[in-house]
Amino acid sequence: MEPRAARSRKGEGPRGEQERRRSGGGNIEKDRGLDLVQWTRHMEAVKTQLLEQAQGQLIELLDRAVQEAIQCYPPQGGPLSSIPPDSLSKAREPSLGKRKIFIIRKSLLDELMEVQHFRTIYHMFIAGLCVFIISTLAIDFIDEGRLMLEFDLLIFSFGQLPLALMTWVPMFLSTLLVPYQALRLWARPRARGAWMLGVGLGFMMLAVHTTVLWVLPVHVALKYQLPPASRCILVFEQVRLLMKSYSFLREAVPGTLCARGGEGMRAPSFSSYLYFLFCPTLIYRETYPRTPNVRWNYVAKNFAQALGCVLYACFILGRLCVPVFANMSREPFSTRALVLSIMHATLPGIFMLLLIFFAFLHCWLNAFAEMLRFGDRMFYRDWWNSTSFSNYYRTWNVVVHDWLYSYVYQDGLWLLGGRARGAAMLGVFLVSAVVHEYIFCFVLGFFYPVMLMLFLVFGGLLNFMMHDRHTGPAWNVLMWTLLFLGQGIQVSLYCQEWYARRHCPLPQTTFWGLVTPRSWSCHT
């Protein structure tokens, strides 16, 4: 007798065989459908990643195209084909030069942080901070027998912070009231004699305002001997408020004077001026592109990262600089010791450069931009890819570069007739170098023109020698090598001068004693 299962399969016949095949085929089709869904999702993810990576480059190309189109726009609104070649050249003159265009765009690092490979580099820097903390705890435990983080350097640097903030209040109030009221005086339609009186009064108010911004922070810093970080706050706000005041008047006065013959007030709204004083740009516009809402978690994250950078800088100075330079002025001078100190300072110097860039140009400015819903977040470009110093200067700090380009370079070309581009560029370097040296002098409390020489002399030469025609990886390596050496020179020389002035104080204060480097003669 046949088994029951065999008899049942025989009893099914051809129809049962077909059903079994259909069942097996259905499973295969189901598996193929699942694979197709997974493959589709994978391709969608790849597409999204490619679009995100290409977005930054596409935005930059579109910005360049828009700026070039504005440069070549017909003055009378006629078609381009009807403009002779000499008119196109005139369209590029300073009087019709390109203006800063604000559009909604993200900061470059925010776009790069969406890529996992770049986030790993960010994580490496966080790991470096953890290593500094562990090193500090380990050394304190070995030397003192306790686990405790000391923030003596941080507390010293931000000493008398309330006094610095109180000094900022009259500086801000002067900037808030005086330039806008001066513009209102110039904007009122009135008889010529009364208008001239208003112009004179406006200039007197601006002179007082400028004097307050220049004299008050210097007086407070010298009288109360503010420490470096508190001085840094004052000098940055001093320079920022002066640059914003100039931009507001430079942008608003021409239009106000042209419209003075009409009726009513022609000055910009006070709310637009108040918004400009806080938004992260130095170029005044009555309106800016705005984002729809505020991401408060993004604001908190950027402020936390800025605070982390300050702690990082304190650990670097405390572990890599103070032990090396604190007693260097007590030893006899030698060329070997100087060269070794510069080489030793290259690593902390480049760390400080990167921390200043990330803390201020990315975290701090993005936090304020988010709180104010300021749409244009291009505070810097990809300066790290630069193959020339001319490109590095243009992309390192776009906020300051836009101000220098608009009000020093373009206005200089206009004053010089549009032909002396070299002289206008030299003027940009001179203004920038002097302001940088003034900031260092204010913060450190002594005059030692290291930054002035590096920026104006060597920086100017490198700007013309390493120009945009140089491309390729070798030029980028050369730029980074020079940056390392430049930062090492600054950190080494400024640290030596700082400790020399404490180890070898002057018996009496003289002008030449104040401006002569003390580290050249102090070897106690």
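Residues numbered from 1 in each chain as written. Predicted model: local features only at pLDDT ≥ 70, side-chain atom pairs only at ≥ 80, totals over all residues. Heavy atoms only, no water.

Some thoughts on the overall build of the chain
Helix and strand counts for the chain stand at 17 helices and zero strands. Across the 524 residues of the chain, 39% fall into the buried class. Of all intrachain contacts in the chain linking residues separated by at least 6 positions in sequence, the fraction that spans at least 24 positions is 74%. When the accessible surface of the chain is split by element, carbon and sulfur atoms take 67% of a total near 30100 Å². (Helix = DSSP H or I, 4+ residues; strand = E, 2+ residues; numbered from the N terminus. Buried < 20%, exposed > 50% of the residue type's maximum accessible area, 1.4 Å probe, protein only. Contact = heavy atoms within 4.5 Å. Areas by Shrake-Rupley, 256 points an atom, 1.4 Å probe, with all protein chains shown as cover.)

Observations concerning the pattern of salt bridges
One pass over the structure, following the stated rule, counts nine salt bridges. Between R250 and D411 there is a salt bridge, with its nearest N and O atoms 2.9 Å apart. Placement of R250 in helix α8 (residues 228-258) and of D411 in helix α13 (residues 398-416) is noted, with a sequence separation of 161 residues between them. Residue R250 is classed as partly exposed on the basis of its relative accessible area, which comes to 32%. Here R295 and E370 are joined by a salt bridge, their closest N and O atoms 3.0 Å apart. Here R295 is found in the loop between α9 (270-278) and α10 (296-325), whereas its partner E370 is found in helix α11 (residues 335-371), with 75 residues between them in sequence. (Salt bridge = Lys/Arg side-chain N within 4 Å of Asp/Glu carboxyl O.)

Concerning the packing of aromatic side chains
This model, assessed by the stated rule, comprises 45 aromatic pairs. Centre to centre, the rings of F132 and Y312 are 6.0 Å apart; their planes meet at 70°, and the pair counts as edge-to-face. Within this pair, whereas F132 is found in helix α4 (residues 116-144), its partner Y312 is found in helix α10, the two being separated by 180 residues in sequence. Both residues of the pair, F132 and Y312, count as buried. Chaining the aromatic ring pairs together yields one cluster made of F357, Y380, W383, W384, F389, Y392, Y393, W396, F429, F455, W480 and F484. Above the ring of F276, the side-chain terminus of K244 is found at 4.2 Å from the ring centroid. Above the face of the W498 ring, R502 is positioned so that its terminal group lies 3.5 Å from the ring centre. (Phe/Tyr/Trp six-rings, centres within 6.5 Å; stacked < 30°, edge-to-face > 60°. Lys NZ or Arg CZ within 6 Å of the ring centre and 35° of its normal.)

Quick word on the environment of G202
Counting through the fold element by element, G202 comes out in helix α7 (residues 192-223). When its relative accessible area of 0% is taken as the criterion, G202 is described as buried. If we ignore the near neighbours within four places in the chain, the residues touching G202 are A182, L185 and W186.

Considering a nonpolar patch on the surface
Side chains of M453, V457, F458, L461 and M465 sit close together on the surface and give an oily, nonpolar patch of about 480 Å² of accessible area. Position of M465 relative to the elements: it lies in helix α15 (residues 450-465). (Patch = residues over 30% accessible without salt bridge, like charges linked within 9 Å, V, L, I, M, F, W, Y side chains within 5 Å.)

Examining the UniProt feature "active site" (unreviewed entry) in the chain
Listed under "active site" (unreviewed entry) in the UniProt record, and renumbered for this structure, are H436. Along the chain, the position of H436 falls in helix α14 (residues 421-444). The class for H436 is partly exposed, based on a relative accessible area of 29%. Beyond its immediate stretch of four places on either side in the chain, H436 contacts M451 and F455. (UniProt positions renumbered as here; feature names shortened; annotations may be inferred.)

Some points on the nonpolar core
Burial of nonpolar side chains together is a common tendency in soluble globular proteins. Residues F248 and F357 are the most contacted members of the largest nonpolar core, which totals 85 residues. Looking at which element gives the most residues to this core, the answer is α11, with 12 residues. Counting 19 residues, the second-largest nonpolar core is a separate cluster that includes M328, F429, A433 and F446. (Core = buried A, V, L, I, M, F, W, Y, C linked by side-chain atoms within 4.5 Å.)

Details of the UniProt feature "transmembrane region" (unreviewed entry) in the chain
The UniProt feature table records "transmembrane region" (unreviewed entry) at residues 121-142, 162-183, 195-216, 303-326, 338-361, 412-431, 438-462 and 474-495. Annotated as 100% helix and 0% strand, the span residues 338-361 places its first and last C-alpha atoms 32 Å apart.

With respect to unusual backbone geometry
Here the phi dihedral of Q160 falls at roughly 55°; this positive angle occurs in a residue that is not glycine. Within the secondary structure, Q160 sits in the loop between α5 (152-157) and α6 (161-187). Assessed through its relative accessible area of 36%, Q160 is described here as partly exposed.

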